[in-house]
Amino acid sequence: DAGITQSPRHKVTETGTPVTLRCHQTENHRYMYWYRQDPGHGLRLIHYSYGVKDTDKGEVSDGYSVSRSKTEDFLLTLESATSSQTSVYFCAISEGQGGKGLAGAGTGELFFGEGSRLTVL
Amino acid sequence: AQSVTQLDSQVPVFEEAPVELRCNYSSSVSVYLFWYVQYPNQGLQLLLKYLSGSTLVKGINGFEAEFNKSQTSFHLRKPSVHISDTAEYFCAVEGGKLIFGQGTELSVKP
């Protein structure tokens, strides 16, 4: 199994509070991603990173920010959580093929963490 | 723009029966196609992928999929399912960015 650890695995918080989810990898993969999974929507990309301090928005980035100060860690922050952000969040990694942005991700396999279930009351 | 449609949200089937999970896509560029599986309370893992070459792709756990360019489909099949195949299955298309379908819940009953 790919070495991907998400923390926390479960969190309940209140509207308006900040929340940070952490993804840690031991594979030294270049690309890291944050997805959210909601019934009827499949997985939707929030943000991704193609290197240390290189990040970009996905399709549902509003209300989220990310940081990657080390190859192995990718943090997802909800500055002020809302009930619409109740979801299961998945981190994924891939090796990539070089270049910038999603074009450099290539066709490599994505490896997923086990997910973080966030409930915003 | 790309899109992916999984035609069935739920597929119930009896053990040892064949199954087909349907996936259609649209794209203005050439695409790569994937099927991922998600077992309960776990992340997704790759079942199989089509990048080029033979349109019939074999994956893990006895699954296979056929790329049909004229029908823009990439249906997943297994000739005989097991209880352990109960999971959610996601079709994904990459044509510059990776887009996931909404998922199909496969429920295998004894």
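Up top is the structure these notes are about.
Description of the structure in this document. (Residues numbered from 1 in each chain as written. Chains lettered and ligands numbered in written order. Predicted model: local features only at pLDDT ≥ 70, side-chain atom pairs only at ≥ 80, totals over all residues. Heavy atoms only, no water.)

1. Some thoughts on the overall build of chain B
- Counting its secondary structure elements, chain B contains 0 helices and 12 strands.
- Helices and strands in chain B line up, N terminus first, as β-β-β-β-β-β-β-β-β-β-β-β.
- By the compact-globule yardstick of 13 Å for 110 residues, chain B fits well, its C-alpha radius of gyration being 13 Å.
- Here the C-alpha coordinates of chain B stretch approximately 45 × 30 × 20 Å along the principal axes.
- Summarising the internal contacts of chain B: among those between residues at least 6 apart in sequence, 55% fall at separations of at least 24.
- As displayed, chain B offers around 5,400 Å² of accessible surface, 50% of which is attributable to carbon and sulfur atoms.
- Separation of charge centres in chain B, based on 8 positive and 10 negative side chains, amounts to 7 Å. (Helix = DSSP H or I, 4+ residues; strand = E, 2+ residues; numbered from the N terminus. Rg over C-alpha atoms; globule rule 2.2 N^0.38 Å. Contact = heavy atoms within 4.5 Å. Areas by Shrake-Rupley, 256 points an atom, 1.4 Å probe, with all protein chains shown as cover. Lys, Arg positive; Asp, Glu negative; His and termini not counted. Charge placed at Lys NZ, Arg CZ, Asp CG, Glu CD.)

2. Quick word on the interface of chain A and chain B
- Between chain A and chain B, the residue contacts involve 16 residues of the former and 20 residues of the latter.
- Across the chain A/chain B interface, buried area totals approximately 1,400 Å², and carbon plus sulfur atoms make up 56% of it.
- Across the chain A-chain B interface, the total number found is 0 salt bridges.
- Summed over the shared surface of chain A and chain B, the number is 2 residue pairs in polar contact (both at pLDDT 80 or more).
- Broken down by secondary-structure element, the contributors of at least two residues to the side of chain A that touches chain B are β4 (31–38) and β5 (42–51) of chain A.
- Here the residues of the side of chain A that touches chain B sort into 6 nonpolar, 7 polar and 3 charged. (Buried area = accessible area lost by both parts, 1.4 Å probe. Salt bridge = Lys/Arg side-chain N within 4 Å of Asp/Glu carboxyl O. Polar contact = N/O pair within 3.5 Å; in protein donor to acceptor, adjacent residues only side chain to side chain. Nonpolar A, V, L, I, M, F, W, Y, C, P; charged D, E, K, R; others polar.)

3. Focus on the layout of surface pockets
- Taken as a whole, the largest pocket spans an internal volume of roughly 630 Å³.
- Of all the secondary structure elements, the ones that give two or more residues to the lining of the largest pocket are β4, β9 (87–94) and β11 (116–120) of chain A together with β10 (87–94) of chain B.
- The dominant element in the lining of the largest pocket, judged by the number of residues it contributes, is β11 of chain A, at 4 residues.
- Here the residues of the lining of the largest pocket are counted per class, giving 8 nonpolar, 18 polar and 6 charged. (1 Å grid on protein atoms, 1.4 Å probe; cavity = no way out; pocket = protein on both sides within 12 Å on 5 of 7 lines; lining within 4 Å. Points joined across faces, edges and corners; volume = space filled by probe spheres on them.)

None of the figures reported here should be taken as evidence of function without further support.
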